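# Overview (structure and organization)
For reference, the chains in residue letters:
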Amino acid sequence: MNAAPAAVRPPATPQTPGEALGLLAARRATGALCGPLGSLHLVDGQVAHADSPRAPGLAELLTGCGRITPGQWAELLRLDGPRARVGEALVERRLLTRGELELGHLGTLFDAAFFVLADRTGGVWRFESDARHWLGPVATVDPGRLRREVERRGRLLERIWPWPQLDTAPVRPVVPVPRPSHRPPGRRRRELLDHADGRRTPADLARLLGRSGFGVTADVRRLAAAGLLDAPRHAAPAVAPAVAPSAATPVAPVTPVAPGAPRPAAPVAEAEASAPEAPAPARPPGGGLHRRVPGATLTGATPSGPVAPTRSDRPPTTAAAHPPLAVPDPDIALLTRVRTLLEARL
């Protein structure tokens, strides 16, 4: 008796733009994947262009820095845009070299693709087959490589400050509070603070200053972590990675703490405070260095006054529960101070 044929499952509907991109790449599709936060143009399954309202494009960067006048760019789009050869026209007219064109194109592609693939708005996505981009063929990126870069940038933003409302809210500076453990912002972030007027968003500042959208977003989160920006006060959802992980890899939710809110005390710190005499702290698991607390000394003496936090109102991390440095080893003390200086410059 012959066995009944196995049922064939229909292909799963993609739930995220990253899944849709993987499906189109497997089919070697050519066209444009369009969504609420921008579009990705594919050629034979490879990503050739990316556009997003959250990231400045090549035209805005070139006209913003004065390399091309707005009139020249409008003329290029009028003559060569319908034929999808604006990139070739830039090289032919010696407005850009081939290397400059490829560098600018790839930079804006990765910048815009981050916001397109990190979209969690649940909006409608559509694919327009055989759609062509006005810039024309310049360089392509493998979708797998693009997704890995998006994941890396998402993890970087989480480490800086897990507060995604900062990415779209108007940037509002606050009066900086003197903190001995923090250095003043550098020139790039100082310029960002000077142009933040409480109405411009990170995307507006990126276009105004001629910088990448992701770079300005990261600087905004760094300034908020330093207590120099007023973060939105409404509830913040946990930050999810840009590409959904597999079911076998659970992700612990991240609970951001608003600036100025009391930080939860670590259980380890409460146990040590109730003990009459604290013994020498054990080395952290994995051989890592102890978290240096400002005011701690190599003799193990604890500071008498309140200790300034290492990050302004930042949610506690795993390393924040480590006891202060109280070991007489000068090598460990030196390495700990070097690490503290590096963290202060982030």
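Residues numbered from 1 in each chain as written. Predicted model: local features only at pLDDT ≥ 70, side-chain atom pairs only at ≥ 80, totals over all residues. Heavy atoms only, no water.

### Let's talk about the pairing of strand 1 (residues 31-35)
Burial of strand 1 is extensive: four of the five residues sit out of reach of the surface. Note that strand 1 and strand 2 (residues 38-43) share five bridges and pair antiparallel. Across the sheet, Cys34 pairs through a bridge with Ser39, a residue of strand 2. The loop that links strand 1 with its antiparallel partner strand 2 comprises two residues. Inspection of the sheet shows strand 1 paired to strand 4 (residues 126-129) by four bridges, in the antiparallel sense. Within strand 4, the position partnered with Ala32 by the bridge is Glu128. (Buried < 20%, exposed > 50% of the residue type's maximum accessible area, 1.4 Å probe, protein only. Helix = DSSP H or I, 4+ residues; strand = E, 2+ residues; numbered from the N terminus. Pairing = 2+ DSSP bridges.)

### What about the environment of Asp167?
If you trace the backbone, Asp167 turns up in the loop between helix 6 (143-160) and helix 7 (187-195). Taking the C-alpha atoms as reference points, Asp167 and Leu157, ten residues apart in sequence, are found 10.0 Å from one another. For Asp167, the residues in contact, after removing those within four places along its chain, are Arg54, Pro202, Thr217 and Arg221. (Contact = heavy atoms within 4.5 Å.)

### Points about the confidence of the model for the protein
Looking at the protein, pLDDT values average 74 and 61% of them are 70 or higher. For residues 3-11, every residue scores under 50 in pLDDT, and the model assigns this stretch zero contacts once sequence neighbours within four places are set aside. Below pLDDT 50 for its whole length, residues 235-328 participates in 139 contacts with residues either more than four positions away or in separate chains. (pLDDT = per-residue confidence, 0-100.)

### Describing helix 9 (residues 213-225)
Over its 13 residues, helix 9 runs 19 Å from end to end, which matches the ideal 18 Å to within 8%, given 1.5 Å per residue. For helix 9, the tally of buried residues reaches twelve of 13 residues, placing the bulk of the element in the interior. Within helix 9 the residues assigned to the buried category are Gly213, Phe214, Val216, Thr217, Ala218, Asp219, Val220, Arg221, Arg222, Leu223, Ala224 and Ala225. Lining the buried residues of helix 9 we find helix 5 (98-117), helix 6, helix 7 and helix 8 (202-209). Gly227 sits one or two positions beyond helix 9 and adopts a positive phi of about 80°. (Expected span 1.5 Å × (residues − 1).)

### A closer look at the pattern of salt bridges
Counted by the stated rule, this structure contains 19 salt bridges. With a closest N to O distance of 2.7 Å, Glu75 and Arg78 form a salt bridge. With Glu75 and Arg78 both in helix 3 (residues 70-80) and three residues apart, this pair spans about one turn of that helix. Of the residues examined, Arg78 reaches a relative accessible area of 55% and is grouped as exposed. In this structure, Asp219 and Arg189 form a salt bridge, with 3.4 Å as the shortest nitrogen-oxygen distance. Of this pair, Asp219 sits in helix 9 while Arg189 is found in helix 7, placing the two residues 30 residues apart along the sequence. Residue Arg189 is classed as buried on the basis of its relative accessible area of 15%. (Salt bridge = Lys/Arg side-chain N within 4 Å of Asp/Glu carboxyl O.)

### Quick look at the packing of aromatic side chains
Under the definition given, this model contains three aromatic pairs. A ring pair is formed by Trp73 and Trp134, whose centres lie 5.7 Å apart and whose planes are at 90°; its orientation type is edge-to-face. Here Trp134 lies in the loop between strand 4 and helix 6 and Trp73 lies in helix 3, a separation of 61 residues in the sequence. Given a relative accessible area of 7%, Trp73 falls into the buried group. On the numbers, 5.2 Å between centres and 75° between planes, the contact of Phe114 with Phe115 is edge-to-face. Cluster of aromatic residues (ring-pair linked, three or more members): Phe114, Phe115 and Phe214. A cation over an aromatic ring shows up here: Arg153 above the ring of Phe214, its NZ or CZ 4.9 Å from the ring centre. (Phe/Tyr/Trp six-rings, centres within 6.5 Å; stacked < 30°, edge-to-face > 60°. Lys NZ or Arg CZ within 6 Å of the ring centre and 35° of its normal.)

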